[in-house]
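# Structural description and commentary
Each chain, written out:
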Amino acid sequence: MPNILEVDGIHTFIGQFHILEGVSLAVPQGSITALLGRNGAGKTTTLRSIMGLNPPREGAIRYAGEPIQGKTAFQIAAKGIGYVPEYRAIFRALTVEENLKIAERQKGDLAKRSDLIFELFPDLKRFYRLPGGQLSGGQQQMLAIARALVPDNRLLLVDEPSEGLAPIIIEAIVAALRQLASHATVLLVEQNFRMASMLADRYYILDDGQSVHSGQMADLVNDRPLITKYLGAGYAGTPVTPTPERSN
Ligand SMILES: Nc1ncnc2c1ncn2[C@@H]1O[C@H](COP(=O)(O)OP(=O)(O)OP(=O)(O)O)[C@@H](O)[C@H]1O
Ligand SMILES: [Mg+2]
């Protein structure tokens, strides 16, 4: 499969801080690729660099073979890249329907995609007219992912979808992401190693702003020394216990 996304030696600064010091990765079309690393490793900054929200000062980013570094976030999104940020950035006062509607890139996007969205996330159909703020944490995460599906995106950048969710809800999100992967390529940031290992074909590990390792997820799962070295002891063996789901 050709790579839909290629990140080549990017350097990104936040203010005067040199945060990414040479991050490279490739995401094959049709895959789920996991981006792993400890807290503060630079995972979110990498996604924000790709989206043009935190443009890199050096290095190249190609989407479907075309350089996109230097373009605005708006231009990059319009090429078909969806971003699901950390912490479920939905509009709490707007209904599920309104949250989805304002994610349209073109008029009529939602009508075209609602069957897929309801198939992946039946709860969103049930609570279509409810304010986003009244949904459970898991349902809010589903809404956040669904918003990125409203436009016809070919690549989704998803940042820690399992964060703060109960295991049973995580299972539902895993199932939805797996199904979603037949419609779009996914670059998935996850701290929950079990979730990442259930979903991803390939992985990249970031450490201290650099990409330090990559390979097949099936190999990483059995490589405890590597997991312990770069992801911490909590990653190895027992699944990372998620905190109980927040109630709203
Ligand atoms: N606004 C900021 N100002 C200064 N430093 C920042 C800022 N935002 C992030 N950083 C630093 O950049 C580094 C990378 O942060 P980033 O959020 O990309 O990490 P991450 O891998 O997503 O971590 P986490 O798993 O905690 O979400 C961290 O050391 C962080 O402290
Ligand atoms: Mg992060």
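First, a word on scope: everything that follows refers to the structure included in this document. As the structure is a computational prediction, the values presented were derived from the model and not from experiment.

## Observations concerning helix H4 (residues 109-120)
Between its first and last C-alpha, H4 extends 17 Å over 12 residues, near the 16 Å set by a 1.5 Å rise per residue. Regarding H4, the residues found buried are Asp109, Leu110, Arg113, Ser114, Leu116, Ile117, Phe118 and Leu120. Of the surrounding elements, those touching the buried residues of H4 are helix H3 (96-101), helix H5 (122-126), helix H6 (137-149) and helix H7 (167-180).

## Examining helix H10 (residues 224-231)
For H10, the set of buried residues is Leu226, Ile227, Tyr230 and Leu231. Along the axis of H10, the buried positions cluster into a sector of 100°, meaning they face one direction only. Exposed residues on H10 whose side chains face more than 90 degrees from its buried face are Pro225 and Lys229. Check the buried side of H10 and you find it contacts strand S3 (32-36), helix H8 (193-199), strand S9 (202-207), strand S10 (210-216) and helix H9 (217-220). Glycine 232 occupies a position one or two residues after H10 and carries a positive phi of about 95°.

## Some details on the site of ligand 1
In the vicinity of ligand 1, 14 residues are found, and the nearest of them are Gly40, Lys43, Thr44, Thr45 and Gln191. Between glycine 42 and ligand 1, the recorded distance is 2.9 Å, taken from a backbone N or O atom to an oxygen atom. Here threonine 44 contributes a side-chain N or O atom positioned 2.8 Å from an oxygen atom of ligand 1. Burial of ligand 1 by the surrounding chains reaches 60%, relative to a free accessible area of 640 Å². If you list the elements that add at least two residues to the shell around ligand 1, you get strand S2 (17-28) and helix H1 (43-51).

## Concerning the coordination of the magnesium ion (ligand 2)
At 2.0 to 2.8 Å from the magnesium ion (ligand 2) lie its protein donor atoms, namely Thr44 (OG1) and Glu86 (OE). Of this pair, threonine 44 sits in helix H1 while glutamate 86 is found in the loop between strand S6 (81-84) and H3, placing the two residues 42 residues apart along the sequence.

## Quick look at the layout of surface pockets
Reported here for the largest pocket is a volume of approximately 440 Å³. Tyr83, Ala103, Arg105, Arg147 and Ala148 are the residues nearest the centre of the largest pocket, which is lined by 20 residues in total. Elements represented by at least two residues in the lining of the largest pocket include exactly helix H2 (73-78), S6 and H6. A per-element tally of the lining of the largest pocket places S6 first, with 4 residues. For the lining of the largest pocket, the class distribution of residues is 15 nonpolar, 2 polar and 3 charged. Of the voids in this model, the second largest pocket is the one considered here, and its volume is about 160 Å³. Residue lining of the second largest pocket: Asn39, Gly40, Ala41, Gly42, Lys43, Thr44, Thr45, Glu86, Tyr87, Glu160, Glu163 and Gln191, and that is the complete set. A class-by-class count of the residues in the lining of the second largest pocket yields 2 nonpolar, 6 polar and 4 charged.

## Brief notes about the pairing of S3
Regular strands place side chains that alternate from one sheet face to the opposite one. Judged by how many residues are buried, S3 sits mostly within the fold: 5 of 5 residues are covered. Direction of pairing for S3 relative to strand S8 (residues 185-189): parallel, over a ladder of 4 bridges. Residue pairing for S8: leucine 35 is matched across the bridge by valine 189. Here S3 pairs with S9 via 4 bridges, running parallel. In the sheet register, threonine 33 faces S9, and the bridge partner there is arginine 202.

## A few points about the pairing of strand S1 (residues 3-14)
Two strands pair when backbone bridges link them, and S1 and S2 are joined in this way by 9 bridges, in the antiparallel orientation. The residue of S2 that forms the bridge with valine 7 is leucine 25. The antiparallel hairpin formed by S1 and S2 contains 2 residues in its connecting segment, where glycine 15 sits at a positive phi of about 60°. Relative to strand S4 (residues 58-63), S1 runs antiparallel, the two being bridged by 5 bridges. Bridge pairing links leucine 5 to tyrosine 63 in S4.

## Points about the packing of aromatic side chains
One pass over the full model with this rule turns up 1 aromatic pair. Where phenylalanine 118 meets tyrosine 128, the ring centres are 5.3 Å apart and the plane angle is 80°; that geometry is what we call edge-to-face. Of this pair, phenylalanine 118 sits in helix H4 while tyrosine 128 sits in the loop between H5 and H6, and the two are 10 residues apart along the sequence. Given a relative accessible area of 17%, phenylalanine 118 falls into the buried group. Over the face of the ring belonging to phenylalanine 13 we find arginine 57, whose NZ or CZ atom lies 3.7 Å from the ring centre.

Here is what the cut-offs are and how they apply
- Residues numbered from 1 in each chain as written.
- Chains lettered and ligands numbered in written order.
- Predicted model: local features only at pLDDT ≥ 70, side-chain atom pairs only at ≥ 80, totals over all residues.
- Heavy atoms only, no water.
- Helix = DSSP H or I, 4+ residues; strand = E, 2+ residues; numbered from the N terminus.
- Expected span 1.5 Å × (residues − 1).
- Buried < 20%, exposed > 50% of the residue type's maximum accessible area, 1.4 Å probe, protein only.
- Contact = heavy atoms within 4.5 Å.
- Arc of directions from axis to C-beta.
- Near = heavy atom within 4 Å.
- Polar contact = N/O pair within 3.5 Å; in protein donor to acceptor, adjacent residues only side chain to side chain.
- Areas by Shrake-Rupley, 256 points an atom, 1.4 Å probe, with all protein chains shown as cover.
- Donors = N, O, S within 2.8 Å, 3.2 Å for Na, K, Ca; no water.
- 1 Å grid on protein atoms, 1.4 Å probe; cavity = no way out; pocket = protein on both sides within 12 Å on 5 of 7 lines; lining within 4 Å.
- Points joined across faces, edges and corners; volume = space filled by probe spheres on them.
- Nonpolar A, V, L, I, M, F, W, Y, C, P; charged D, E, K, R; others polar.
- Pairing = 2+ DSSP bridges.
- Phe/Tyr/Trp six-rings, centres within 6.5 Å; stacked < 30°, edge-to-face > 60°.
- Lys NZ or Arg CZ within 6 Å of the ring centre and 35° of its normal.

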